[in-house]
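Close look at the chain arrangement
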Amino acid sequence: MVLGPLLCLAALEAVLRLAGAGYPMSFFLPMKIGGKDCLVENDRFGWRFFGPERARAPFPLAIPKVKPPDTIRVFVFGESAAYGDPQPEFGLSRILQALLEGRFPGKHFEVVNTAMTAINSHVILPIARDCAARDGDFWVIYMGNNEVVGPFGSGTVFGAQAANLEVIRAGVAFKATRIGQELGNLARHLQNRPLNESEWGGMAMFMNNHIRQDDPRMATVYDSFGKNLSDIIDTGLGHGARVLVSTMARNLKDCGPFASDHRPGLSADDLARWQTLSDAGVQEGNAGKAGEALDSFEQAAKIDGTFAETHYREGQCAMALGRDADAAREFGLACDEDTLRFRADGRINSIIRRVAASRESKGALLIDSEAALSKQCSHGIAGGEFLYEHVHLNFEGNYLLARGFAEGIARSLPAGAESAWPTPVDCARRLGWNDLMRRKADMEILGRLGDAPFKEECDNRVQYQRLLQQIEHLDSAGLPEALRADEIQTKAAAEAAPGDWILQENLGNLQQQTGDPAGAAESLGHVAKLLPQSPEAWQTLGVALASAQRYDDALAAFQTALRLRPESAEAMTSMGEIYEHQGRGAEAAREFEEVLRLKPYWSQAHMGLGNALEKMGKKAEAKEQFQEAFKNRVRTTESFDALGKFAFGRGWYDAAVTNFSDSLRLNPLNPQTQVNLGLAEVKVGQRADAKAHFAEALRLQPDFAEAHFCMGLELGKDGDSPGAASEFGEAVRLKPDLVEAHLNFGIALSNEHLNQQALDQFDEVLRRDPSNQLARTYLKILRSKPAAGAQN
């Protein structure tokens, strides 16, 4: 009765495999690179946990299949914080590599980043088992933030919540079979969810999944985490690795709770009293009366001690009063009671300490990163000094985290020639970290702070303003001379480590920004050779080749990306754009239509298809595509700016205002977008707002000639001729070839009766644009005056 069905299932599994159904489920895939047997990442590994649409991919890697005898191999396990979000190229794994190389110059280290965004211990255990046979000398474990929101957690959006551990593991094993994969595909098909709702939506996906600390499902979460962590450590120890496991660093001081819920059963009267006390505390805190505010919040906490925000505000007050121990306790409670549980709580860190201690005699080592980072922060509480937002570490934070692991690894290495530990500056030089990269990361975080769930935090505005100030201090990083200096430094680092694809990629990106498309294509070509399995590498190379006007080579690169990832909308869109540029409208339309068949909401493809159809004379169909592009906007500054410029060019000024405004919400420090929004506002009659944006553009970039010109136009409309003349004068000084500025400068000067100076400007206009009739008319009028040559 049992054997028959089992044989049938085995036969079905064999048939599906022979037919090529499904996809491999191991974390590593074998591949020959440069004639050598290597292991590369399986970018479909996460499909069985998240589904194809929401799955995140591992960090690209390529390591020898058989570890060379002179190599010390280190595997890094964890979630997005271990991965290095928002810049894995400067995260834990990379800095750990730099530290070990610098400390032990005679040894060869290979640090492998197996961490992934959004995963948790249920996913990390299979990764660890795949790493077990890969000769790792050290395992570094930094995990615990996603136990509630990750797969199978009590607050997840990825399928079943807080199931029994044995059931979870059985399900994970079944989904690794071809039968399980096909059934999963069938289930997703039957759900028939719109594609834009089934894809990755970031932390905002979890907004409705509030989980209180006293939720009965949390017991299952804690129990599963402890068992998974134990099994991961035992797997590493059992295969001869030294295992280092760390507590989780969390931003307690400078990141408020994402959500606070009142305790069940709170009466209306109690809620009203709580609200009165809480409002009083907020007002007193804003007035700088920390003592009175703390008293109000403490009274509110007696009514409801589970409301996370109250604890956070108590912590802020206690810290202001110099009561750091009380502040640390309250900040910890705020994290524990946060009902959007994106951070490891105190119980998770306790489990890490307990499990690590229980295996210390077998070779496990605890690294207390939480304590190490807190010790280096003001008031002894982890905060914004080392963390971008709730859990993701900045460069300095990753350095401290990596340093703790590196020192732990060093204890187990045989004595030999050693150098001093590399400093953060040394690591930055080795990895190509600079102010431009810091600004890029800060901009990424700024965008997050304007989105859910961050915008719901009680201290969101403070975080946002603090980050804005940091970014403003880094404005010079984008100047040409700074970019050239960064290019020289990165090129030197790349030449010193020719097998480091990340340095080659960073160099290529810098070369694009410094106007060297040929150099960029060469550098990014090296990346594709080092990572031939990566569709992203080929996509990036294709973009660089297109910039260098090597269109046939670019198409070949995009086709390779598409072969590696047949569902790549980016590759198909890029191919369509090249076809359109070459005047191959039918082929362009075909590519864009294929993108929209897979992703009907893909704004860039709607725009491309609209352009192609318009050139083919199909104006009505083109207009429909343009309208769809504006309905299905991608939430990036680049997308909003592109739509804004397109709308402005078509005279759709309201749409231009909307898109430029949305772009500035993500990046308020872009002077060009400030000007673009101002120009659109002028068209819809919002001149006061427009002048404010022109002024902000000039504050951000005082030498912005176009902003001076636009401000001059508005001052001229107001009848402020001296102010207009001043602005136009700056515009022509900064950009002498701006003909319209010379023309309007001349008009403003003539209004001030500075006739000779005005004549000089009109002469300059005609020298640059002999057909300019307005300048010719003004010259004729001024020269006809009796005192044309005098300044009256």
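First, a word on what this report is: a plain description of the structure on this page.

Points about the environment of Phe 50
- Relative to the assigned elements, Phe 50 resides in helix α2 (residues 47-50).
- Among the residues examined, Phe 50 registers a relative accessible area of 9% and is labelled buried.
- Along the backbone, Phe 50 and Ile 119 are 69 residues apart, and their C-alpha atoms lie at a distance of 9.2 Å.
- Non-local contacts of Phe 50, meaning those with residues more than four positions away in its chain, are made with Ala 55, Thr 117, Ala 118, Ile 119, Pro 151 and Phe 158.

Quick word on the sheet that holds strand β6 (residues 138-142)
- Taken in spatial order, the five strands line up as β5-β4-β6-β7-β8 in an open sheet, and their pairing is parallel. At either end of the open sheet lies a strand with only one pairing partner, and these are β5 (108-113) and β8 (364-367). Here the average twist between neighbouring strands, direction ignored, is 20°.
- Looking at chain direction, strand β4 (residues 71-78) and β6 are connected through five bridges and run parallel. Residue pairing in the sheet places Phe 77 in a bridge with Ile 141 of β6.
- Contacting β4, β5 and β6, helix α4 (residues 92-103) runs over the sheet at an angle of about 170° to β5.

A short note on the nonpolar core
- In this structure, Leu 96 and Tyr 142 are the most contacted members of the largest nonpolar core, which totals 170 residues.
- Once residues lying within four places of it in the same chain are set aside, the contact partners of Leu 96 are Val 74, Val 76, Val 111, Val 140, Ala 402, Phe 405, Ala 406 and Ile 409.
- The next biggest cluster of nonpolar side chains, apart from the first, holds 32 residues, and it includes Phe 694, Ala 697, Ile 747 and Phe 762.

Structural notes on the environment of Leu 446
- Considering the arrangement of structural elements, one finds Leu 446 in helix α18 (residues 435-449).
- Under the relative-accessibility criterion, Leu 446 is labelled buried at 0%.
- Once the C-alpha coordinates of Leu 446 and Gly 236 are considered, the two residues, 210 residues apart in sequence, prove to be 38 Å apart.
- Residues contacting Leu 446, with those up to four places away along its chain left out, are Tyr 464, Leu 467, Leu 468, Ile 471, Leu 666 and Pro 668.

Remarks on a nonpolar patch on the surface
- Among the surface-exposed residues, Phe 174, Leu 183 and Leu 186 lie close enough to one another that they form a single nonpolar patch of about 280 Å² accessible area.
- As for its position among the elements, Phe 174 is in helix α6 (residues 165-175).
- The partly exposed category is assigned to Phe 174, whose relative accessible area is 40%.

Let's talk about the state of the cysteines
- Throughout the structure, instances matching the rule amount to zero disulfides.
- In this model Cys 427 remains outside any disulfide bridge; the closest cysteine sulfur is found in Cys 377, 19 Å from its own.
- Its relative accessible area of 1% is what places Cys 427 among the buried residues.
- Of all cysteine sulfurs, the one in Cys 255 lies closest to Cys 458, which takes part in no disulfide; the gap is 9.3 Å.
- Residue Cys 458 is classed as partly exposed on the basis of its relative accessible area of 28%.

Describing the pairing of β4
- Most of β4 sits inside the fold, with eight of its eight residues counted as buried.
- Of the two faces of β4, both are covered, the one formed by Thr 71, Arg 73, Phe 75 and Phe 77 as well as the one formed by Ile 72, Val 74, Val 76 and Gly 78.
- Note that β4 and β5 share six bridges and pair parallel. For Arg 73, the partnering residue across the bridge sits in β5 and is Glu 110.

Cut-offs applied
Residues numbered from 1 in each chain as written. Predicted model: local features only at pLDDT ≥ 70, side-chain atom pairs only at ≥ 80, totals over all residues. Heavy atoms only, no water. Helix = DSSP H or I, 4+ residues; strand = E, 2+ residues; numbered from the N terminus. Buried < 20%, exposed > 50% of the residue type's maximum accessible area, 1.4 Å probe, protein only. Contact = heavy atoms within 4.5 Å. Pairing = 2+ DSSP bridges. Axes fitted to C-alpha atoms, helices over the stretch in contact; angles between N-to-C directions. Core = buried A, V, L, I, M, F, W, Y, C linked by side-chain atoms within 4.5 Å. Patch = residues over 30% accessible without salt bridge, like charges linked within 9 Å, V, L, I, M, F, W, Y side chains within 5 Å. Areas by Shrake-Rupley, 256 points an atom, 1.4 Å probe, with all protein chains shown as cover. Salt bridge = Lys/Arg side-chain N within 4 Å of Asp/Glu carboxyl O. Disulfide = S-S within 2.5 Å.

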